[in-house]
Amino acid sequence: MSDVAYRVTGPAAPRDDLGRFWHLTLTLARTDWKVRFFGSALGYLWSLLRPLMLFGILYFVFSEVVGAGEGVQHYPIVLLAGMILYFFFGEVTGAAATSLVDREALVRKVGFPRMVVPLAVTVVGTFNLLLNLVVLAVFLALNGVPVRWTWLLVPLPLVLMGVLATGVGMLLAALYVRFRDIRPIWEVVLQALFYATPILYPIQLVQEKSEALTHVLMASPLAALIQWLRRLLLGDATPSAADAIGGTAWLVVPAAILVVLTVLGFTVFSRMAPQAAEEL
Amino acid sequence: MQPPDEVAVSVEGVSKTFRLPQEQVHTLKERVVHPLRRRSFERLEALRDVSFSVGRGEFFGIVGRNGSGKSTLMKCLAGIYRANAGELWLRGRMAPFIELGVGFNPDLTAHDNVLLNAVMLGLTPQQAAERYDAILDFAELHEFQDLKLKNYSSGMQVRLAFAVMVHVDADLLLIDEVLAVGDAAFQQKCYDVLHQAKRDGRTILLVTHDMDQVQRFCDRAMLLERGRLVDIGDPREVSRRYIELNFAPRGASGEPLALADARPGDGLAEVGDSWAQDGDGLRTETLEQGRPCALVMRVRFLSDTVDPVFAVALTDMDGRVVFAASTEWEEGSAGAFSAGESVDVAVSFDNWFAPGRYEVAGRVLHRGSGRRVMAEQAGGTSFVVTGSRAGGGVIDVPHAFYLTRAGATARLLT
């Protein structure tokens, strides 16, 4: 028996060492992953197939029918890079929003650091993201995109996107315990974000139409991170986020939004987590 | 403040209040449509300034009626709820068993649930995998290990949950009413485990409604009522208080009163009142088992009567008559009574009834073959027998056990 008495102050108490925190997150993520593919014949393959099929549809419609990719170098890569990051954001925030409620049985019966629940969602999302990056690598090779040293920096926008998605997810999760309308609202917001972010249409198209609109669109951290990823992958073939927003200094805006949303999410979640079991 | 070394659980002035919204505002629309309407709350004080401590290796019982705060206390200790005031200290690793489970996911197999919950309760994933077989063995569910939990019966789920809990090496077990479910064989297994845990020096907090368990297992017990600590100490004494509390009079309005009209009988007398007395002749509503006591009825005669018969019957809560006595077979006349005269009729005996609530029925009859009823009061007065023994029978007569081995003299078991 350990000889140190510890004070119980509720589920948010960080009395657990980091090792246990990490074990909890990983174990929860693994079971989340299993539950998600419960009853599907192809199982895990779906997390690869689904984005691929969506990509195929969108690529066909926007490249062949609408002609959005005309004159854009490596349009498939531009589209795929944007889609992968956006789907990662949508998947993590959407699943995190309902995560505490979905895990009700556990939350009501075991006292563990509540932050593990949304973090497990991020872990699952990250795993899917890595699978999708394999697909992206295949397409890079197929399109004959030259290898460049900036590929080494690709993890940077991915990590930042992970941080943002986790922060927003925690904010939504905390609110969803009390307000169940968060889910339909967030679904609509995600839809809107999909079109408000230069994913289907390359940012060059917007730049040709209106410089001011481009600056506004690029204020979204989603747009900035996606454009950063494209630039790292394709180099000069695509404009940098700084160019698009109208100068490096302006990047402060999406950066500030990212920081504020993330800090807000962590703060709100930490304050609300101890009451989660009572309000579920 | 750090509790002393020998203390495993220390609870100091803990209060927990729930704010129950009177109108559950669950959608934003309701807030938008009624932005000025303040959410009104009803405050439910689930725990009020509760303080106690449990020593290392102690088996500690927590009893109380439904809604007395037992489960809230357990959840505060388990770190599920945050107390509003006070301090809770634990020593050693704690494993909770709250609301009959450890939080299983119905869409996962037993295998995945066991691993997840073992990690939740403090094992590393590797330890959890190593102990998986032992856990399934204990729960006797090996053949169902690939079945999703939603296909399990509730008894099977509880077995699995209990098995996980006892295999995570916790120094401190918080158990909220587990032994009530499961079949007899598994219950026995639970008892064995708890005994073993106690021998191993683990500390156990057990919430239960079964006073038999409290007296068999617990070193000490505590009684909660409406969030307050009412009694703490000897399990027998606490059980006795619990039974008293449970069968406390239901108040002026709740108690069924004798019907004023339509009383059986020819109306030549009336039974005005009846009650129980303790050995000192004081009127009481609780009688301790094994002590002398008396049942008394006050009869008023409405006409001149010679040699009536008085009868008293006791009915338990299942409606069984457990005791009936009548003056019919007593030698000697009861005497003559004139109209308007009152008499108290008492029957005294040693109280060997099982703990529980009893109702008194009093009757006055004409002597003779007809047994015509003059007056009757039934379902009027009740009292509670308190005691720490519950043998299971309706009455508990004084008894002794003798053991006789072949060729030896009988030995009295004391």
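Look a little higher up for the structure.
No experiment lies behind these values; they were computed from the predicted model shown.

What counts, and at which threshold
Residues numbered from 1 in each chain as written. Chains lettered and ligands numbered in written order. Predicted model: local features only at pLDDT ≥ 70, side-chain atom pairs only at ≥ 80, totals over all residues. Helix = DSSP H or I, 4+ residues; strand = E, 2+ residues; numbered from the N terminus. Contact = placed C-beta atoms within 7 Å. Rg over C-alpha atoms; globule rule 2.2 N^0.38 Å. Buried ≥ 20, exposed ≤ 12 C-beta atoms within 10 Å, placed from the backbone. Nonpolar A, V, L, I, M, F, W, Y, C, P; charged D, E, K, R; others polar. Pairing = 2+ DSSP bridges. Axes fitted to C-alpha atoms, helices over the stretch in contact; angles between N-to-C directions. Core = buried A, V, L, I, M, F, W, Y, C linked by C-beta atoms within 7 Å. Parallel < 35°, antiparallel > 145°, perpendicular 65-115°, else oblique. Left-handed = near helix turned anticlockwise from the far one by under 90°.

Visitor: Let's hear about the overall build of chain B: which residues, and what values?
Guide: Looking only at helices and strands, one finds 9 helices and 22 strands in chain B. Residue pairs in contact within chain B that sit at least 24 positions apart in sequence constitute 72% of those at least 6 positions apart.

Visitor: Before we move on, can you summarise the overall build of chain A with the specific residues and values?
Guide: On a plain count of helices and strands, chain A comes out with 14 helices and 1 strand. For chain A, the C-alpha radius of gyration of 20 Å lies close to 19 Å, the compact-globule estimate for 280 residues. Projecting the C-alpha coordinates of chain A onto the three principal axes gives extents of approximately 70 × 45 × 40 Å. The buried share of chain A, reckoned over its 280 residues, is 42%. Within chain A, contacts between residues separated by at least 24 positions form 81% of all contacts whose residues are at least 6 apart in sequence.

Visitor: So what's going on with the interface of chain A and chain B? Which residues, and what values?
Guide: Listed per partner, the contact involves 31 residues of chain A and 37 residues of chain B. Its residues assigned to classes, the side of chain A that touches chain B comprises 17 nonpolar, 7 polar and 7 charged. Pairing of strand β1 (residues 5-8) of chain A with strand β4 (residues 85-91) of chain B, which is carried by 4 bridges, proceeds in the antiparallel orientation. Residue Ala5 of chain A lies in a different strand from β4 of chain B, and its bridge partner there is Arg91 of chain B.

Visitor: Can you tell me about the sheet that holds strand β5 (residues 94-97) of chain B, naming the residues and giving the values?
Guide: Residues and elements named next belong to chain B. Within the open sheet, the 6 strands sit side by side as β5-β6-β7-β3-β8-β9. Their pairing is mixed. Because the sheet does not close on itself, it has two edges, and the strands there are β5 and β9 (228-233). Ignoring strand direction, the axes of neighbouring strands in this sheet form an average angle of 15 degrees. For β5 and strand β6 (residues 172-176), the ladder comprises 4 bridges, and the chain directions are parallel. Looking across to β6, one finds that Ala95 is bridged to Leu173. Across the face of the sheet, helix α8 (residues 235-246) comes into contact with β3 (59-64), β8 (220-225) and β9 while running at roughly 20 degrees to β8.

Visitor: Go over the environment of Ala105 of chain A, please, and point to the residues and values.
Guide: Mapped onto the fold, Ala105 of chain A is located in helix α5 (residues 104-109). Judged by local crowding, Ala105 of chain A falls into the partly exposed class, with 18 C-beta atoms found within 10 Å.

Visitor: Please give an account of the nonpolar core that cites residues and values.
Guide: Across soluble globular proteins, you tend to see nonpolar side chains buried next to one another. Ala81 and Leu85 of chain A together with Leu77, Val164, Met165 and Leu174 of chain B are the most contacted members of the largest nonpolar core, which has 150 residues in total. It is helix α3 (residues 75-97) of chain A that provides the largest number of residues to this core, a total of 16 residues. If near-sequence neighbours (up to four positions away) are discounted, Leu174 of chain B is found in contact with Met74, Leu77, Ala78, Met94, Pro96, Phe97 and Leu205 of chain B. Core analysis: the second largest hydrophobic core is formed by 28 residues, Val360, Leu365, Ala375 and Phe383 of chain B among them.

Visitor: So, the pairing of strand β19 (residues 356-365) of chain B: which residues are in play, and what are the values?
Guide: Residues and elements named next belong to chain B. Counting buried positions along β19 gives 7 out of 10 residues, so the element sits mostly inside the fold. Where strand β15 (residues 309-316) and β19 come together, 8 bridges link them in antiparallel fashion. Within the sheet, the bridge partner assigned to Thr315 lies in β19 and is Glu359.

Visitor: Please set out the sheet that holds strand β10 (residues 269-278) of chain B residue by residue, giving values where relevant.
Guide: Strand pairs in the sheet, formed through backbone hydrogen bonds, run parallel or antiparallel to each other. Residues and elements named next belong to chain B. Spatial strand order, β11-β10-β13-β18: 4 strands in an open sheet with antiparallel pairing. Each having just a single partner strand, β11 (283-284) and β18 (342-350) make up the two edges of the open sheet. Judged from the 9 bridges that link them, β10 and strand β13 (residues 292-301) form a sheet pairing that is antiparallel. Residue pairing in the sheet places Glu270 in a bridge with Arg300 of β13.

Visitor: Kindly report on the packing of helix α3 (residues 110-120) of chain B against helix α4 (residues 125-139) of chain B, identifying the contributing residues and their values.
Guide: Residue and element names in this part refer to chain B. Two elements in contact, α3 and α4, have axes whose closest approach is 9 Å; the angle formed by their N-to-C orientations is 125 degrees. Considered as vectors, α3 and α4 are oriented oblique to each other. For α3 against α4, the interelement crossing comes out right-handed. Between α3 and α4, the contacting residues are Val114, Leu115, Ala118 and Val119 on the first element and Pro125, Ala128, Ala129, Arg131, Tyr132 and Ile135 on the second. For the contact of α3 with α4, the class distribution of residues is 9 nonpolar, no polar and 1 charged.

Visitor: Run through the environment of Trp89 of chain B, naming residues and quoting values.
Guide: Position of Trp89 of chain B relative to the elements: it lies in strand β4. Under the C-beta neighbour-count criterion, Trp89 of chain B is labelled partly exposed, with 19 such atoms within 10 Å. Between the C-alpha atoms of Trp89 of chain B and Arg43 of chain B, which are 46 residues apart in sequence, the distance is 26 Å. Ignoring any residue separated from it by four or fewer positions in sequence, one finds Trp89 of chain B in contact with Ala5, Tyr6 and Arg7 of chain A together with Pro3 and Ser10 of chain B.

Visitor: Talk me through helix α2 (residues 70-77) of chain B; I want residue IDs and the actual numbers.
Guide: Residues and elements named next belong to chain B. Within α2, 8 of the 8 residues are buried, leaving the element largely enclosed by the surrounding structure. For α2, the set of buried residues is Lys70, Ser71, Thr72, Leu73, Met74, Lys75, Cys76 and Leu77. Downstream of α2 by a residue or two, Gly79 has a phi angle that is positive, lying close to 80 degrees.

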